Amino acid sequence: MMKSKWSKRNKKILILFSIMLFSCSPSDIITVYEPEQKIEEKPETPKILEEIINEDFTPIGIIEKLNPEKIDDNYILVNDAGANRVYLINKDGKLLYEWTLTNNIGNDVFLLPNGNLLASLEADDPQIQLGGKGGKIQLIEPNGTVNWEFIYSSINGETHHDVEILPNGNIIAMVWERITAEESLSTGYMLDQDIFPESIIEINPITNKIVWEWKSLDHLVQDHDKTKNNYGVISENPNLIDINYLPRNGITPSVKGDIMHANAIAYDEINDAILLSVNFYSEVWVIDHSTTANEVNGHTGGKFGKGGDLIYRFGNPQTYLNSKGTRLFHNNHFPNLLKGEDTGKLLIFSNGNDIKQSRIYELELPKTYLLRQNFNNEPRVSWSFTDPALYSNKVSGAVPLENGNILITEGDFGFWEVTRSHEIVWKLNTTGFFWRGYNYSKNAPEIKLLGL
């Protein structure tokens, strides 16, 4: 067991702080004293630490309980990509549980109902060095045992950012596919350089085989080079992807060749469709997962009859030169499909990079995915939230809570809890780079399996 590293001076300060806290009203801000000597090492094996069991704990950051009566009293699973930590906390900022990972986060890690973590991690030596790089996917038991691992890391392709488990137990993941400069010119791309367009793979964890694969490269349109087969009028092909969207609009990615930078994936079980958050296009693409291995490469077949072409897209109609829709997103993360009474709705974080203001949207998706030319294809905004202090140009997201509130992850700040009437009831500000925060009920089966 680890021993506390606090000095006698620090203990006196904690006692004084407790006396002051007792005399404060419930809505006062709780400012946390951080010890001079921080515990930096992780436990050798995932376990409940002595400091966690001891009620005399140090909150992980600055807690603001702005309206305690309205705070959802459950747990947050924190993905800190900056420190490569995954841990569970309560609304007092108390560390409840922490896992030891074999590799750095790359970036998504979350708990499954059976108590296992599904983790997108960096490979031992990632071959494509873009932000959010991965290359390794694992299923990790509560005691830290890795019971499944899949490595997809080479100079030709690398998994990255996010993973999702399907109802049949298969796992879908995003892949950067390297296309050489010579090959990119053959697609009608405007610039002479290697590019890394997006792909999606579906893995059977029993056989470790890829059983389905979608490639954006098969579904392009461009009006730059008439000699190429994918030449066409952008506005007349809303189901296809303009490979030249970035250079056409004078947008230069931070890393050459990172022309799309998808950062999140979600599965729509009702429509058997995959949602892909494409950060540099400031939109979400919807892909028909019902297609066969052959249909997904083409433009026909599947439930929606479009093959692997986009069956829906939203967030930025400028990407396909549609003048009828209104742009919603300015870079985006975490298309979070809601369930239960809110099925058919989605929460998403718009980073607001070019306007320096982030916003969370709740959107009502259409009952049937359909794209039309010269038509407003954007979903209806059913709720949104922003605040002058809310801005993160990277990562971030939002999840619903049991009491109806929304938990917001602000990547370079920490977490907010807000009500549907836009009241801020709780905040946590702490050091880190927060990919996402997931809400878990105290009574959830995966939490009980941790022995809490």
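Residues numbered from 1 in each chain as written. Predicted model: local features only at pLDDT ≥ 70, side-chain atom pairs only at ≥ 80, totals over all residues. Heavy atoms only, no water.

Undergrad: Quick question: what am I supposed to make of the overall build of the protein here?
TA: Across its full length, the protein carries five helices and 29 strands. Looking at the protein as a whole, 55% of its 452 residues are labelled buried. A separation threshold of at least 6 residues defines the contact pool for the protein, and within that pool the share at least 24 residues apart is 56%. Accessible surface for the protein amounts to roughly 19,600 Å². Of this, 50% is attributable to carbon and sulfur atoms. (Helix = DSSP H or I, 4+ residues; strand = E, 2+ residues; numbered from the N terminus. Buried < 20%, exposed > 50% of the residue type's maximum accessible area, 1.4 Å probe, protein only. Contact = heavy atoms within 4.5 Å. Areas by Shrake-Rupley, 256 points an atom, 1.4 Å probe, with all protein chains shown as cover.)

Undergrad: Looking at this structure, how should I read the side chain of Glu446?
TA: On the secondary structure map, Glu446 appears in helix H5 (residues 445-448). Of the side chains with opposite charge, Lys339 lies nearest to the buried Glu446, which makes no salt bridge, at 9.6 Å. Not counting residues within four places of it along the chain, the set of residues in contact with Glu446 comprises Leu111, Leu112, Pro113, Gly115 and Tyr440. (Lys, Arg positive; Asp, Glu negative; His and termini not counted. Salt bridge = Lys/Arg side-chain N within 4 Å of Asp/Glu carboxyl O.)

Undergrad: Help me out: how do you make sense of the side chain of Ser199 in this one?
TA: With respect to the helices and strands, Ser199 occurs in strand S13 (residues 198-204). One polar contact links Ser199 to Glu177, side chain to side chain, over a distance of 3.4 Å. With sequence-adjacent residues up to four places away left out, Ser199 is seen in contact with Ala173, Met174, Val175, Glu177, Trp214 and Lys215. (Polar contact = N/O pair within 3.5 Å; in protein donor to acceptor, adjacent residues only side chain to side chain.)

Undergrad: When you look at the packing of aromatic side chains in this model, what are you seeing that I'm missing?
TA: The description of an aromatic ring pair uses the distance of the two centres, along with the angle that the planes make with each other. As enumerated under the stated definition, the model contains 16 aromatic pairs in all. On the basis of an interplanar angle of 50 degrees and a centroid distance of 5.7 Å, the ring pair of Phe110 and Tyr438 is categorised as tilted. A residue pair is termed long-range when its members are at least 10 positions apart, and Phe110 in strand S6 (residues 105-111) and Tyr438 in strand S29 (residues 434-440) qualify at 328 residues. Assessed through its relative accessible area of 10%, Phe110 is described here as buried. With centroids separated by 6.1 Å and ring planes inclined at 75 degrees, the aromatic side chains of Phe334 and Tyr438 adopt a geometry described as edge-to-face. Of this pair, Phe334 sits in strand S21 (residues 332-337) while Tyr438 sits in strand S29, and the two are 104 residues apart along the sequence. Take Phe334: its relative accessible area is 8%, and that puts it in the buried class. The exposure class of Tyr438 is buried, given its relative accessible area of 12%. Following the ring pairs from residue to residue traces out a cluster consisting of Phe304, Tyr312, Phe314, Phe329, Tyr361 and Tyr369. (Phe/Tyr/Trp six-rings, centres within 6.5 Å; stacked < 30°, edge-to-face > 60°.)

Undergrad: Help me understand the sheet that holds strand S20 (residues 310-314), please; the structure alone is not making it clear to me.
TA: Neighbouring strands of a sheet are bound in pairs by backbone hydrogen bonds; such pairs are parallel or else antiparallel. Strand order in the open sheet formed by four strands is S17-S18-S19-S20, with antiparallel pairing between adjacent strands. The two strands at the open ends of the sheet, each matched to only one other strand, are strand S17 (262-268) and S20. For this sheet, the mean inter-axis angle between neighbouring strands, taken without regard to orientation, is 20 degrees. Of the strand pairs in this sheet, strand S19 (residues 283-288) and S20 are connected by four bridges, and their pairing is antiparallel. Within the sheet, the bridge partner assigned to Val286 lies in S20 and is Tyr312. (Pairing = 2+ DSSP bridges. Axes fitted to C-alpha atoms, helices over the stretch in contact; angles between N-to-C directions.)

Undergrad: What's the story with the pairing of S13 in this structure? I'm lost.
TA: Every other side chain in a regular strand lies on the same face of the sheet, so the side chains alternate between the two faces. A large share of S13 lies buried, amounting to seven of its seven residues. By the alternation rule, side chains of S13 split into Glu198, Ile200, Glu202 and Asn204 and Ser199, Ile201 and Ile203, which are all buried. Here six bridges tie strand S12 (residues 171-177) to S13, and the two strands are oriented antiparallel to one another. Directly across from Ala173, in S13, lies its bridge partner Ile201. Inspection of the sheet shows S13 paired to strand S14 (residues 209-215) by six bridges, in the antiparallel sense.

Undergrad: For this particular structure, what's the right way to read the sheet that holds strand S3 (residues 75-80)?
TA: Strands sit in the order S5-S4-S3-S29 across an open sheet of four strands; the sheet is antiparallel. Edge strands, defined here as strands with exactly one partner in the open sheet, are strand S5 (95-99) and S29. If you compare each strand with its neighbour and ignore which way they point, the axes differ by 20 degrees on average. By the bridge criterion, five bridges tie S3 to strand S4 (residues 85-89) in an arrangement that is antiparallel. Within the sheet, the bridge partner assigned to Asp80 lies in S4 and is Arg85.

Undergrad: Help me understand the confidence of the model for the protein, please; the structure alone is not making it clear to me.
TA: Detailed reading of the predicted coordinates is not advisable wherever pLDDT is low. Scored by pLDDT, the protein has a mean of 89; 88% of the residues are at 70 or more. Across residues 1-53, confidence stays below pLDDT 50; counting only partners more than four residues off in sequence or on other chains, it has 82 contacts. (pLDDT = per-residue confidence, 0-100.)

Undergrad: For this particular structure, what's the right way to read unusual backbone geometry?
TA: Most of the time, phi is negative for any residue but glycine, and the peptide bond is trans. Cis peptide bonds are those with omega within 30 degrees of zero, and the linkage from Gly106 to Asn107 qualifies with 10 degrees. On the secondary structure map, Asn107 appears in strand S6. Phi is positive for Asp272, close to 50 degrees, though the residue is something other than glycine. Relative to the elements of secondary structure, Asp272 occurs in the loop between S17 and strand S18 (273-278).

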